[in-house]
Amino acid sequence: MFGLTREELDAMASVDVRTVDINTLTDLRDIKIDTRQPVEKKLASFAKQTNNLYVNRIGDYVVKVKFQKEGATIDDKMEEYLKRLAEVHI
């Protein structure tokens, strides 16, 4: 996948967000993706712009993602998250 070996992908996925040096991570706000492209091209573009496919940062926060072929989309999960936040504050 993206010119990476299974071992390299496993090493990226195994990074512990509690101990990683945040300064080694790519800030997701710096990644630019053409959303008009098909998923495969968007993933390839993302892979070229990051040091780790699974662990990145947004400012001072470390973010770890998991890719799945089926199931809820990121939009679905964000909607679910925002609804939960709204319930907490009501």
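We now turn to the structure provided with this report. Because the structure is a prediction, the values reported are computed rather than measured. (Residues numbered from 1 in each chain as written. Predicted model: local features only at pLDDT ≥ 70, side-chain atom pairs only at ≥ 80, totals over all residues. Heavy atoms only, no water.)

Thoughts on the environment of Phe2
Here's step 1: One can find Phe2 in the segment before α1 (6–13).
Here's step 2: Once the C-alpha coordinates of Phe2 and Ala47 are considered, the two residues, 45 residues apart in sequence, prove to be 6.9 Å apart.
Here's step 3: Ignoring anything within four residues of it in the chain, the contact list for Phe2 reads Leu43, Ala44, Ala47 and Leu53. (Helix = DSSP H or I, 4+ residues; strand = E, 2+ residues; numbered from the N terminus. Contact = heavy atoms within 4.5 Å.)

A few points about the pattern of salt bridges
Here's step 1: Tallying each qualifying case throughout the model produces 6 salt bridges.
Here's step 2: For the salt bridge of Arg29 with Asp27, the shortest nitrogen-to-oxygen distance reads 2.7 Å.
Here's step 3: The salt bridge partner of Arg36 is Asp34, with a shortest N-O separation of 3.0 Å.
Here's step 4: Overall, Arg36 belongs to the exposed group, its relative accessible area being 73%. (Salt bridge = Lys/Arg side-chain N within 4 Å of Asp/Glu carboxyl O. Buried < 20%, exposed > 50% of the residue type's maximum accessible area, 1.4 Å probe, protein only.)

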